[in-house]
Amino acid sequence: QVQLVESGGGLVQAGGSLRLSCAASINIFRINAMGWYRQAPGKQRELVASITSGGTTNYVDSVKGRFTVFRDNAKNTVFLQMNSLKPEDTAVYYCYVDLYGIRYWGQGTQVTVSS
């Protein structure tokens, strides 16, 4: 069983920045893929950013150039640095890890961007 604890959400004005953290209960060096999804009210959950064990990253088009996903293996933590935030980034953000064919989820953290 893998536990993921998220932090860093909150309320920010448009143009501002937030950094989300997701601490895993296991050594993330073994994890092949991890990253972040988000779900806005009335919308489907969408993949925002992912990072592999080799450091390859992938982003949804709407956040390219503004968000950065990175991992700190020593701290067993994955981060999402969000800059130039827009009201349309408002959502609950969930981190995930894929381990041995099983996907584990964090509890979610609310990000609200005011205009």
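Here, every reference points to the structure presented above.
Because the structure is predicted, anything quoted here is derived from the model rather than measured. (Residues numbered from 1 in each chain as written. Predicted model: local features only at pLDDT ≥ 70, side-chain atom pairs only at ≥ 80, totals over all residues. Heavy atoms only, no water.)

S.K.: Would you explain the pattern of salt bridges in this entry?
M.R.: On inspection of all chains with the given rule, the structure shows 5 salt bridges. Linking Arg38 and Asp89 is a salt bridge whose minimum nitrogen-to-oxygen distance equals 3.0 Å. Residue Arg38 is located in strand β4 (residues 33-39), and its partner Asp89 is located in the loop between β8 (77-82) and β9 (91-99); the two are separated by 51 residues in the primary sequence. A single burial state applies to Arg38 and to Asp89, both of which are buried. Residue Asp89 pairs with Arg66 through a salt bridge whose shortest N-O separation is 2.8 Å. Remark: Arg66 occurs in the loop between β6 (57-59) and β7 (67-72) and Asp89 occurs in the loop between β8 and β9; sequence separation between them is 23 residues. Here Asp89 matches Arg66 in class, with each residue buried. Bridged by salt links that share partners, the residues Arg38, Glu46, Arg66 and Asp89 form one connected network. (Salt bridge = Lys/Arg side-chain N within 4 Å of Asp/Glu carboxyl O. Helix = DSSP H or I, 4+ residues; strand = E, 2+ residues; numbered from the N terminus. Buried < 20%, exposed > 50% of the residue type's maximum accessible area, 1.4 Å probe, protein only.)

S.K.: Help me out: how do you make sense of the state of the cysteines in this one?
M.R.: Disulfide: a covalent bond formed between the sulfur atoms of two cysteine residues. Scanning the model with the defined rule gives 1 disulfide in all. One disulfide in the model links Cys22 with Cys95; its S-S distance is 2.0 Å. Classification of the bridge connecting Cys22 and Cys95 rests on its S-S torsion, roughly 50°, and on that basis the disulfide is right-handed. Linking Cys22 in strand β3 (residues 18-24) with Cys95 in strand β9, this pair joins segments that are 73 residues apart in sequence. Residue Cys22 is classed as buried on the basis of its relative accessible area of 1%. Note on Cys95: relative accessible area 0%, which makes it buried. (Disulfide = S-S within 2.5 Å.)

S.K.: Is there a simple way to think about the sheet that holds β7 in this case?
M.R.: The strands making up a sheet are joined through hydrogen bonds of the backbone, oriented either antiparallel or parallel. The antiparallel open sheet is built from 4 strands, whose spatial order is β1-β3-β8-β7. Looking at which strands have only one partner, the edges of the open sheet turn out to be β1 (4-7) and β7. Between one strand axis and the next, the sheet turns through 15° on average, direction left out of account. Relative to β8, β3 runs antiparallel, the two sharing 6 bridges. Residue pairing in the sheet places Arg19 in a bridge with Gln81 of β8. (Pairing = 2+ DSSP bridges. Axes fitted to C-alpha atoms, helices over the stretch in contact; angles between N-to-C directions.)

S.K.: Explain the packing of aromatic side chains to me, please; I cannot follow it from the model alone.
M.R.: What characterises a pair of aromatic rings is the spacing of the ring centres plus the angle enclosed by the ring planes. Considering all chains together, one arrives at 4 aromatic pairs under this definition. Geometrically, the ring pair formed by Phe70 and Phe79 is stacked, given 4.9 Å between the ring centres and 15° between the ring planes. Ring centres 6.0 Å apart and planes at 50° place the aromatic pair Tyr96 and Trp105 in the tilted group. You can call Tyr96 buried: its relative accessible area is 3%. For Trp105, a relative accessible area of 36% translates into the label partly exposed. An aromatic cluster of at least three residues, connected via ring pairs, comprises Tyr37, Tyr96 and Trp105. The ring of Phe79 has Arg19 sitting right over it, with the charged end atom 6.0 Å from the ring centre. Geometry around Tyr94 places Arg45 over its ring, the cationic atom sitting 3.9 Å from the centre. (Phe/Tyr/Trp six-rings, centres within 6.5 Å; stacked < 30°, edge-to-face > 60°. Lys NZ or Arg CZ within 6 Å of the ring centre and 35° of its normal.)

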